[in-house]
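If you want the building blocks of each chain, they are given just below.
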Amino acid sequence: MDRKKQEQAVAEIIKSMGVSLKNRGLYPSAHPLVRKPVEQCLDLIVPFFDDCTELALAVSDGTLVLEGVPVFTLTSSLEFFMDRLIRIGVPALIFERGLSLEDIDLFVRFLHETKAEGLSPEEIRDRLVALGVTRIRVKQTDPESDDDHAVARTIYANAVSVVSSVLQEIRSGRIPSGTDTVRVVTDMGGMLTRNRDALLALTLIKNFDEYTFNHSVNVAVLALTLAGELEIGEEAMVEVGVSGLLHDVGKTQLALDLIRKPGSLTADEFEEIKKHPEEGFVLAQKMSDIPNTAAFMIREHHMRHDRTGYPKTEAGYRLHQHTGIISVADCYDALTTMRCYQAPRTPAGALLLMESEAGKSLNPQVVGQLRKALGDFPVGTMVRLNTMEVGVVTATAEGVKAPRRVAVLFEREGKPMLRPEEVDIDLGQGGPGAGRTVTAAVNPLLFPYAAAGSYLNTVAG
Ligand SMILES: [Fe+2]
Ligand SMILES: [Fe+2]
């Protein structure tokens, strides 16, 4: 089942349970308006068991997640269903292969009849068993953050697959629709509101085999983060996210050898590369659903704040007001990525370099926002703690942007840990991190086997 179908099916499955639940309050239990949605639910859920024996449904932080697919758009019946789960205290549910109509019907009855609130998972399990539900069981969820990382990974992977299919379609001479692009941008926006660090951490895991796809997704994530900080409004957020995802789409018109060429380019080759913003502009305008402003930002992403970039424009040309966001996101991702001809900079090092370009090639306001959004020790920065342990920042505290969690990679004597161990950082409020503070950023090159990305991969993965 492809992602689009899966997402639709997930929303429909939950909606049908919600509809049946709502109607139970109005009609007797044998009424078609109660019974029919249950039948629909079973029909929709059965195909999922072709590939797996269990389906997990969790409510996490106000979002329903079925098999890692988050449902961000809530209809009234979805909301009603989720509200019942939350009130009763159901953390997560497992639907097992062999699920029957009776199981779903009894489960909906349980949701309808249970007036008690805040039940423990054990109590819920006992009540379901007593009712005769055999193939739906309640599950204690993992800690919230683990859950967020799983959702973030799914959204990131979906975005990579959307970009890769768009670029491949274009390479083979077709013009794909922009619907998937817009949807995946909306998902990313939702995830950033829910747990920004979980998604930002993934931008530091660089996949060299699929550089273009990952780079495109990273630029979209970073651009959306900046857009959120700048409070540019929902519509503009989508435009910025879409242009981030498609900013290099024009490269599909260039020879693959040229794009993949390591090292410096000849003057002629560079002239070829310079065509990609204009080519991207033309392609994005041909794709359905892609906002026109996104196409303009794609055209302008290399023009630079001081207009020293390309393509060249007539005097007095004004950049779109949000192009600077794409250029800053593009620059930050490129700097923190290892290339054959360039060692990657640390997030902090990239920020410093970009600050020296603020007002010149980069928009100073946007660079300032990047510093504000990422803080002095962005996720992925290697740091030394007052305990002399060395690790990588995996989460920052909301508001102050100070490190909140660090994956310790080296013990105080410099001995590598067998497995990274995540610790809390003292934010001055006591609690689990009491006593541990970050003293300074350290140069990861002093710890050759500890590339931030690969460790984040272990922690976030
Ligand atoms: Fe580009
Ligand atoms: Fe780029």
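Residues numbered from 1 in each chain as written. Chains lettered and ligands numbered in written order. Predicted model: local features only at pLDDT ≥ 70, side-chain atom pairs only at ≥ 80, totals over all residues.

**With respect to the overall build of the chain**
Inference 1: Secondary structure assignment for the chain yields 18 helices and 10 strands.
Inference 2: Counting over 461 residues, the chain shows a buried share of 42%. (Helix = DSSP H or I, 4+ residues; strand = E, 2+ residues; numbered from the N terminus. Buried ≥ 20, exposed ≤ 12 C-beta atoms within 10 Å, placed from the backbone.)

**Things to note about unusual backbone geometry**
Inference 1: Each neighbour pair has its own omega, and for Y310 with P311 the value is -10°, a cis peptide bond.
Inference 2: Its place among the elements puts P311 in the loop between α14 (292–300) and α15 (323–335).
Inference 3: The residue E231 is not glycine, and still its phi comes out positive at about 50°.
Inference 4: Along the chain, E231 falls in the loop between α9 (211–229) and α10 (234–246).
Inference 5: Classification of E231 by C-beta neighbours within 10 Å gives exposed; the count is 8.

**Points about the nonpolar core**
Nonpolar side chains tend toward joint burial in soluble globular proteins.
Inference 1: In this structure, M188, L199 and A223 are the most contacted members of the largest nonpolar core, which totals 108 residues.
Inference 2: Not counting chain neighbours up to four residues away, the residues in contact with M188 comprise I155, A159, L199, A220, V221, L224 and G241. (Core = buried A, V, L, I, M, F, W, Y, C linked by C-beta atoms within 7 Å. Contact = placed C-beta atoms within 7 Å.)

**Here's the deal with the packing of α9 against helix α17 (residues 364–374)**
Inference 1: Where α9 meets α17, the axes come as close as 9 Å, and the angle between the chain directions of the two elements is 95°. Classified by the angle between their axes, α9 and α17 sit roughly perpendicular to one another. Residues T225, L226 and E229 of α9 touch α17, and the partners they reach there are V366, Q369, L370, K372 and A373.
Inference 2: Of the residues assigned to the contact of α9 with α17, the class counts are 4 nonpolar, 2 polar and 2 charged. (Axes fitted to C-alpha atoms, helices over the stretch in contact; angles between N-to-C directions. Parallel < 35°, antiparallel > 145°, perpendicular 65-115°, else oblique. Nonpolar A, V, L, I, M, F, W, Y, C, P; charged D, E, K, R; others polar.)

**What to know about the confidence of the model for the chain**
Inference 1: Averaged over every residue, the pLDDT of the chain is 85; the share at 70 or more is 87%.
Inference 2: Within the chain, α14 carries the highest mean pLDDT (98), whereas helix α18 (residues 452–460) carries the lowest (47).
Inference 3: Note on residues 451–461: pLDDT under 50 across the span, and 29 contacts to partners over four residues away in sequence or across chains. (pLDDT = per-residue confidence, 0-100.)

**Examining helix α7 (residues 179–194)**
Inference 1: Taking 1.5 Å of rise per residue, the 16 residues of α7 would be expected to cover 22 Å, and the 23 Å separating its terminal C-alpha atoms lies within 8% of that figure.
Inference 2: Every buried residue belonging to α7 is among D180, T181, V182, V184, V185, D187, M188, G189, M191 and L192, and all of these are buried. (Expected span 1.5 Å × (residues − 1).)

**Let's talk about the packing of helix α16 (residues 347–357) against α17**
The geometry of a pair of packed helices is captured by two quantities: the angle between their axes and the separation between those axes.
Inference 1: Running from N to C, α16 and α17 point in directions that differ by 160°, and their axes come no closer than 10 Å. Classed by the angle they form, the pair α16 and α17 counts as roughly antiparallel. Crossing of α16 over α17 shows left-handed handedness. Residue-level contacts link P347, L351, M354 and E355 of α16 to V367, L370, R371 and L374 of α17.
Inference 2: Split by residue class, the contact of α16 with α17 holds 6 nonpolar, no polar and 2 charged. (Left-handed = near helix turned anticlockwise from the far one by under 90°.)

**A word on α10**
Inference 1: Here α10 contains 13 residues, and its C-alpha end-to-end distance of 19 Å stays within 8% of the 18 Å for a straight helix at 1.5 Å per residue.
Inference 2: Most of α10 is tucked away: 10 of the 13 residues are buried.
Inference 3: Listed as buried for α10 are M237, V238, E239, V240, G241, V242, S243, G244, L245 and L246.

**Brief notes about the environment of L204**
Inference 1: Here L204 lies in the loop between α8 (196–202) and α9.
Inference 2: Looking at L204, the number of C-beta atoms within 10 Å reads 26, which means it is buried.
Inference 3: Sequence separation between L204 and T336 is 132 residues, and the spatial gap between their C-alpha atoms is 7.6 Å.

**A closer look at the environment of I232**
Inference 1: With respect to the helices, strands and loops of the structure, I232 is situated in the loop between α9 and α10.
Inference 2: We classify I232 as partly exposed; it has 16 C-beta atoms within 10 Å.
Inference 3: Here the alpha-carbon distance between I232 and H322, two residues 90 residues apart in the chain, equals 8.8 Å.
Inference 4: When near neighbours in sequence (up to four residues on either side) are disregarded, I232 contacts A227, M237 and H322.

**A short note on the environment of M82**
Inference 1: When you line up the elements, M82 lands in helix α3 (residues 76–88).
Inference 2: Overall, M82 belongs to the partly exposed group, with 19 C-beta atoms counted inside 10 Å.
Inference 3: Residues M82 and L64, spaced 18 residues apart in sequence, show a C-alpha to C-alpha distance of 7.3 Å.
Inference 4: Residues contacting M82, with those up to four places away along its chain left out, are V59 and L64.

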